[in-house]
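These are the residues of each chain, in order.
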Amino acid sequence: MSSQDSPLHPIDDAVALEPAGDGRVRGRTVDAWANMVGPFGGTTAATMLQAVLQHPDRLGDPLSLTVNFAGPVAYGGFDIAVRPVRTNRSSQHWSLEMTQDDQVVTTATVVTGKRRETWSDTEAHLPDVPAPEDLETSEDFRGVKWVENYDIRFVEGAVPDQSSEEGAAESTTTMWVRDLPDRPLDHVSLTALCDTFFPRSFLRVGRAIPAGTVTLSIYFLATAEEIAAQGAGFLLGRDHAHRFHGNYHDATARMWGRDGTLLAMSHQLAYFKA
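As the structure is a prediction and not an experimental result, all values here were calculated from the model.

**Q** How would you summarise the overall build of the chain if you had to cite specific residues and measurements?
**A** Scanning the chain for helices and strands turns up five helices and 13 strands. For 274 residues, the compact-globule estimate of 2.2 N^0.38 gives 19 Å, and the C-alpha radius of gyration of the chain, at 18 Å, lies within 12% of that figure. Each principal axis of the C-alpha distribution contributes one length, and for the chain these read about 55 × 50 × 40 Å. The contacts of the chain with a sequence gap of at least 6 include a subset with a gap of at least 24, amounting to 70%. Split by element, the accessible area of the chain, about 13400 Å² in all, is 48% carbon and sulfur. In the chain, the 23 positive side-chain charges and the 37 negative ones have mean positions that sit 6 Å from each other.

**Q** How would you sum up the environment of Gln 103? Please name residues and give values.
**A** One can find Gln 103 in strand S6 (residues 103-113). Owing to a relative accessible area of 56%, Gln 103 belongs among the exposed residues under this scheme. Distance in space between the C-alpha atoms of Gln 103 and Ala 70 is 10.0 Å, their sequence separation being 33 residues.

**Q** An account of the nonpolar core is requested, with residue identities and associated values reported.
**A** A general feature of soluble globular proteins is that nonpolar side chains tend to end up buried together. Core analysis: the largest hydrophobic core is formed by 60 residues, its most contacted members being Trp 33, Leu 65, Ile 80, Val 82, Leu 96, Tyr 150 and Leu 190. In terms of residue count, the dominant contributor to this core is helix H2 (residues 41-53) (seven residues). Residues contacting Val 82, with those up to four places away along its chain left out, are Gly 23, Val 25, Ala 51, Val 52, His 55, Trp 94, Ser 95 and Leu 96. Counting eight residues, the second largest nonpolar core, distinct from the first, contains Leu 135, Phe 234, Leu 236 and Trp 256.

**Q** So, H2: which residues are in play, and what are the values?
**A** In a regular helix each residue adds 1.5 Å, so 13 residues correspond to 18 Å; H2 covers 18 Å between its end C-alpha atoms and thus fits that length. With 13 of its 13 residues buried, H2 lies for the most part within the structure.

**Q** Can you break down the packing of aromatic side chains residue by residue, with the values?
**A** Enumeration according to the criterion identifies 10 aromatic pairs in this entry. Considering the side-chain rings of Phe 198 and Phe 202, the 6.3 Å spacing of their centres and the 25° angle between planes classify their relative orientation as stacked. Like Phe 202, Phe 198 is buried. Judged by centre distance (5.9 Å) and plane angle (70°), the rings of Tyr 248 and Tyr 271 are edge-to-face. With Tyr 248 in strand S12 (residues 248-257) and Tyr 271 in strand S13 (residues 262-272), this residue pair connects regions lying 23 residues apart in the sequence. Within the aromatic cluster, the residues linked to one another by ring pairs are Trp 33, Phe 40, Trp 146 and Tyr 150. For the cation-ring pair, Arg 200 lies above Phe 198, with the distance from its terminal atom to the ring centre recorded as 4.7 Å. The positively charged end of Arg 258 is found above the aromatic ring belonging to Trp 176, 5.4 Å away from the centroid.

**Q** Hey, could you go over unusual backbone geometry for me, with residue numbers and the actual values?
**A** That bond from Leu 180 to Pro 181 is cis: its omega, -10°, falls within 30 degrees of zero. Along the chain, Pro 181 turns up in the loop between strand S8 (173-179) and helix H3 (187-193). A positive phi angle, near 55°, is found at Asp 101, a position not held by glycine. Unlike most non-glycine residues, Asn 247 shows phi in positive territory, near 75°.

**Q** Which residues make up the environment of Met 175, and what are the values?
**A** Structurally, Met 175 is set in strand S8. For Met 175, a relative accessible area of 1% gives the class buried. Once the C-alpha coordinates of Met 175 and Lys 145 are considered, the two residues, 30 residues apart in sequence, prove to be 19 Å apart. Leaving out residues up to four positions away in the same chain, Met 175 has contacts with Ile 152, Arg 153, Phe 154, Val 155, Thr 196, Phe 197, Leu 235, Leu 236 and Gly 237.

**Q** Lay out the pattern of salt bridges in plain terms, naming residues and giving numbers.
**A** Going through the model one piece at a time under the given rule, you end up with 12 salt bridges. Between Arg 238 and Glu 156 there is a salt bridge, with its nearest N and O atoms 3.3 Å apart. Residue Arg 238 is located in strand S10 (residues 235-240), and its partner Glu 156 is located in strand S7 (residues 150-156); the two are separated by 82 residues in the primary sequence. Residue Arg 238 is classed as partly exposed on the basis of its relative accessible area of 28%.

**Q** Lay out the pairing of S12 in plain terms, naming residues and giving numbers.
**A** Of all 10 residues that make up S12, eight are buried, and the element is covered over most of its length. As paired elements, S10 and S12 share six bridges and run antiparallel to each other. Paired with Leu 236 across the strands is Trp 256, a residue of S12. Here strand S11 (residues 244-245) runs beside S12; their pairing, made up of two bridges, is antiparallel.

Conventions used here
Residues numbered from 1 in each chain as written. Predicted model: local features only at pLDDT ≥ 70, side-chain atom pairs only at ≥ 80, totals over all residues. Heavy atoms only, no water. Helix = DSSP H or I, 4+ residues; strand = E, 2+ residues; numbered from the N terminus. Rg over C-alpha atoms; globule rule 2.2 N^0.38 Å. Contact = heavy atoms within 4.5 Å. Areas by Shrake-Rupley, 256 points an atom, 1.4 Å probe, with all protein chains shown as cover. Lys, Arg positive; Asp, Glu negative; His and termini not counted. Charge placed at Lys NZ, Arg CZ, Asp CG, Glu CD. Buried < 20%, exposed > 50% of the residue type's maximum accessible area, 1.4 Å probe, protein only. Core = buried A, V, L, I, M, F, W, Y, C linked by side-chain atoms within 4.5 Å. Expected span 1.5 Å × (residues − 1). Phe/Tyr/Trp six-rings, centres within 6.5 Å; stacked < 30°, edge-to-face > 60°. Lys NZ or Arg CZ within 6 Å of the ring centre and 35° of its normal. Salt bridge = Lys/Arg side-chain N within 4 Å of Asp/Glu carboxyl O. Pairing = 2+ DSSP bridges.

Structure (structure tokens):
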């Protein structure tokens, strides 16, 4: 189904699910989120989270999400088995499996919980960078459909020029990003936004190479109210890797609101071939 046929925002269209009985929900991929191979991993992650968010037995708001991309997700329909494995007084643990043709393609775990007022502090502060209005929207990778759903403005570490003969000395990318068209921020859209960074291996090698996320964990550090307070504005993201070795590398990202609130951070392990 094309997003042009739906009145929903593209991200809401991508995560739309319907009950399928026996603890399962059913969804389908959306053309607007096509990646170079299969659908954009950020929408797959957001869809897994949505399966928990709409579950009638959910306790509290998302605290963490871990998604393991076990195999390529094919374009078309899929089922997600959703199971609360344990519910405590203030937290709840979930297990999920996405299947296509009775084969597992993605697994996930989610932790939800009730947040309470307590002592708090933030050590990771919003970097001092130019405002998004002072930067140009990136046109890199606009031929990849999912990128067209975002306004991305690089502060540093932009997508390398394909004619480059050498890579960057280090892997940090800092960028402003927001949904296109405008959409108020929530856990679903924040999940997808956490995966909008291109592979760190591209930057270090100096060109696009075969690469893909194997496992992605997102930690939601803000309350639902703090996330909603961002409205449809830009978020600032910073992503970097620590080591590239044996066909795999890590990546750690932070996402801030323009008001300086640290909203989420993510860790992932990615495959690359160079």
